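As a plain string of letters, each chain reads:
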Amino acid sequence: MPPHLRLTDEIAESAALYALGLLSKSERSSIERHLAEGCSVCQTEISRCGDSLALWSQQGAVAPRASLRQKLLQSIRERQVTSAKANSPILLPSAHSGRLKRGQ
Ligand SMILES: [Zn+2]
């Protein structure tokens, strides 16, 4: 696949799983091929995830893999929710509720 132009949720999740070593062999090698093609977006995200992991273990907060994965995926989801809120238009109350009809 061609280098990415910007970070997407999918990349963030793959990068997190890659940094945690939780990808399957084929997923892993496809990411490594992709990195070898010089995608700086993926490279940056993976090293960012790696830094977080290093930080957690330095702090002595070494958790079992499953909970580490959960924590990381949760933080990704929270970020997705935040950006989804920022991007979506404000929903107005439905104009078809009928409560605004006049004359009755
Ligand atoms: Zn990429």
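Residues numbered from 1 in each chain as written. Predicted model: local features only at pLDDT ≥ 70, side-chain atom pairs only at ≥ 80, totals over all residues.

Caption draft 1: Broad picture of the confidence of the model for the protein. Of all residues in the protein, 71% attain a pLDDT of 70 or more, and the chain-wide mean is 80. Mean pLDDT in the protein bottoms out at helix 4 (residues 65–87), which sits at 73, and peaks at helix 2 (residues 25–36), which reaches 96. (pLDDT = per-residue confidence, 0-100. Helix = DSSP H or I, 4+ residues; strand = E, 2+ residues; numbered from the N terminus.)

Caption draft 2: Representation of helix 2 in the model. Across its 12 residues, helix 2 extends 16 Å between first and last C-alpha, which sits within 8% of the 16 Å expected from 1.5 Å per residue. Counting buried residues along helix 2, only 1 of its 12 residues qualify, which leaves the element largely exposed. The first or second residue beyond helix 2 is Gly38, which carries a positive phi of 90 degrees. (Expected span 1.5 Å × (residues − 1). Buried ≥ 20, exposed ≤ 12 C-beta atoms within 10 Å, placed from the backbone.)

Caption draft 3: Layout of the packing of helix 1 (residues 9–20) against helix 3 (residues 40–58). Contact geometry for helix 1 and helix 3: axes closest at 8 Å, N-to-C directions at 50 degrees. It follows from the interaxial angle that helix 1 and helix 3 lie oblique. The hand of the helix 1/helix 3 crossing is right-handed. For the pair helix 1 and helix 3, contact is made by Ile11, Ala12, Ala15, Ala16, Tyr18, Ala19 and Leu20 and by Val41, Cys42, Glu45, Ile46, Cys49, Gly50 and Leu53, respectively. In the contact of helix 1 with helix 3, the residues fall into 12 nonpolar, 1 polar and 1 charged. (Axes fitted to C-alpha atoms, helices over the stretch in contact; angles between N-to-C directions. Parallel < 35°, antiparallel > 145°, perpendicular 65-115°, else oblique. Left-handed = near helix turned anticlockwise from the far one by under 90°. Contact = placed C-beta atoms within 7 Å. Nonpolar A, V, L, I, M, F, W, Y, C, P; charged D, E, K, R; others polar.)

Caption draft 4: Geometry of the nonpolar core. Residues Ala12, Ala15, Ala16, Leu17, Tyr18, Ala19, Ile31, Cys42, Ile46, Cys49 and Leu72 constitute the largest nonpolar core, which totals 11 residues. Of all the secondary structure elements, the ones that give two or more residues to this core are helix 1 and helix 3. At 6 residues, the largest contribution of residues to this core is made by helix 1. The contacts of Ala12, once residues within four sequence positions are left out, are Leu7, Glu45 and Ile76. (Core = buried A, V, L, I, M, F, W, Y, C linked by C-beta atoms within 7 Å.)

Caption draft 5: Examining the environment of Ala36 more closely. With respect to the helices and strands, the residue Ala36 is situated in helix 2. A tally of 8 C-beta atoms within 10 Å means that Ala36 is categorised as exposed.

Caption draft 6: Looking closely at the environment of Glu45. Assignment of secondary structure puts Glu45 in helix 3. A sequence separation of 33 residues divides Glu45 from Ala12, and the C-alpha atoms of the two residues are 6.5 Å apart. If we skip the residues at most four places from it in the chain, Glu45 touches Leu7, Ile11, Ala12 and Ala15.

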